[in-house]
Amino acid sequence: MKTKDRPEVINAIAEARAQGDLSENAEYESAKERQSFIEGRIADLEGKLGAAQIVDPAELNAEGRVVFASTVDLENLDSGEKVTYQIVGLDEADIKESKVSVTSPIARALIGKSAGDVVAVEAPSGLKEYEILEVRYV
């Protein structure tokens, strides 16, 4: 964004200014809006990167409790279906990769629990109960 998008939008603003009256120049307004979006996104990403911490799950010592970065094997008590989730940050969450955000309802229900515990999760389809089969730090 800094090396490609920012220079492009600066050039677009310069070209729009060269066309004259800015009060009725749609290209200028569009370029200024795009610039505002790009600058906001750059600031957002820089803030996230500046505050980021690398967590190695293998180095966790949570005594078998579910914590951030742990991997949890669950069994749905209604259907018997078994699932595995890793608790990750908001930006890393990807349900297709079985990674759930620490802020998700299922992660919030699991945090602090241990193998053998039963947790209730309010899902869009209704209340679901899961038994924690295993907690791993991998």
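Keep in mind the model is a prediction, meaning the values are calculated, not measured.

(A) Main features of the UniProt feature "domain: Transcription elongation factor GreA/GreB N-terminal" (unreviewed entry) in the protein. Under the present numbering, the feature "domain: Transcription elongation factor GreA/GreB N-terminal" (unreviewed entry) in UniProt falls on residues 2–54. Between the first and last C-alpha atoms of residues 2–54 the distance is 24 Å; the span itself is 75% helix and 0% strand.

(B) Fine view of the UniProt feature "domain: Transcription elongation factor GreA/GreB C-terminal" (unreviewed entry) in the protein. Under the present numbering, the feature "domain: Transcription elongation factor GreA/GreB C-terminal" (unreviewed entry) in UniProt falls on residues 63–137. The annotated region residues 63–137 carries 8% helix and 44% strand content, and the separation between its end C-alpha atoms amounts to 10 Å.

(C) Seen up close, the side chain of asparagine 25. Residue position: asparagine 25 is located in the loop between α1 (5–18) and α2 (26–51). Here tyrosine 28 takes part through its backbone nitrogen, which lies 3.0 Å from a polar atom of the side chain of asparagine 25. Setting aside anything within four residues of it in sequence, one finds asparagine 25 in contact with Ala16 and Gln19.

(D) The arrangement of the nonpolar core in detail. Residues Val66, Leu74, Ile106, Leu110, Val119, Tyr130 and Ile132 are the most contacted members of the largest nonpolar core, which totals 18 residues. Mapped by element, the contributors of at least two residues to this core are β1 (71–76), β2 (82–88), α3 (105–110), β4 (118–123) and β5 (126–136). If you tally residues by element for this core, the top one is α3, at 4 residues. Each residue touching valine 119, except ones within four places of it in the same chain, is listed here: Ala109, Leu110, Lys113, Lys128, Glu129, Tyr130 and Ile132.

The rules behind the values
Residues numbered from 1 in each chain as written. Predicted model: local features only at pLDDT ≥ 70, side-chain atom pairs only at ≥ 80, totals over all residues. Heavy atoms only, no water. UniProt positions renumbered as here; feature names shortened; annotations may be inferred. Helix = DSSP H or I, 4+ residues; strand = E, 2+ residues; numbered from the N terminus. Polar contact = N/O pair within 3.5 Å; in protein donor to acceptor, adjacent residues only side chain to side chain. Contact = heavy atoms within 4.5 Å. Core = buried A, V, L, I, M, F, W, Y, C linked by side-chain atoms within 4.5 Å. Buried < 20%, exposed > 50% of the residue type's maximum accessible area, 1.4 Å probe, protein only.

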